[in-house]
Amino acid sequence: MDEKLKVYDDKMTKTINNLGSELAAIRAGRANPHVLDKLTVDYYGVPTPIQQAANISVPEARMIQIQPWEKSMLKEIEKAILMSDIGINPTNDGTVVRLMFPELTEERRKELVKDVKKKGEAAKVAIRNIRRDGNDAFKKLKGTEISEDGIKDLEDSLQKLTDKYIAEVDKAVEAKSKEVLTV
């Protein structure tokens, strides 16, 4: 792959990875520990991801259990979950924090699918913006050591890359939508 294209390929890959982590945080009917990925707790004055302050397990299909390494962290973890946008009230029994995921209603599933599609659309826009930046950069190469045909080839290759990544976005959105709609 041409060095000039590599930059845009890397940016598009980052966009896909970002979409993947955003989609992982959307909860379907089952308990998914990734909903906690963006949450941090105050651990001795340092914002720390929950995964680094506690053991997280999924003992049942619709329950996440969070067992902190230190009992003093229970309140902090509970507070972080309450302040987040997860939308689930934690229960604390003095040793572990449990999150019970309710069965999703049909209406809520449809809302989640809309959200998934919106995130997918945002990723496509980001990929198209990267393509536009690339094409602009290639047009500025006119009159340098690269021929008109060379610039055209770069633009064609960038378009193929764009098409490939847009297809990946569509596939990810389709898979997540299917997961959310599965009862």
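- Named according to an unreviewed UniProt entry, the chain is Ribosome-recycling factor originating from Mediterraneibacter gnavus.
- Regarding the chain, the relevant UniProt record gives this comment under Function (unreviewed entry): "Responsible for the release of ribosomes from messenger RNA at the termination of protein biosynthesis. May increase the efficiency of translation by recycling ribosomes from one round of translation to another."

## A few points about the pattern of salt bridges
- Scanning all chains against the criterion turns up eleven salt bridges.
- Residue K124 is joined to D170 by a salt bridge in which the shortest nitrogen-to-oxygen separation is 2.7 Å. Taken together, the positions of K124 in helix α3 (residues 106-139) and D170 in helix α4 (residues 148-181) put the pair 46 residues apart, joining distant regions of the chain.
- Judged by its relative accessible area of 14%, K124 falls in the buried class.
- Classification of D170 by relative accessible area gives partly exposed; the value is 36%.
- Residues joined in a network through salt bridges with shared partners are E121, K124, R128 and D170.

Definitions and limits used
- Residues numbered from 1 in each chain as written.
- Predicted model: local features only at pLDDT ≥ 70, side-chain atom pairs only at ≥ 80, totals over all residues.
- Heavy atoms only, no water.
- UniProt positions renumbered as here; feature names shortened; annotations may be inferred.
- Salt bridge = Lys/Arg side-chain N within 4 Å of Asp/Glu carboxyl O.
- Helix = DSSP H or I, 4+ residues; strand = E, 2+ residues; numbered from the N terminus.
- Buried < 20%, exposed > 50% of the residue type's maximum accessible area, 1.4 Å probe, protein only.

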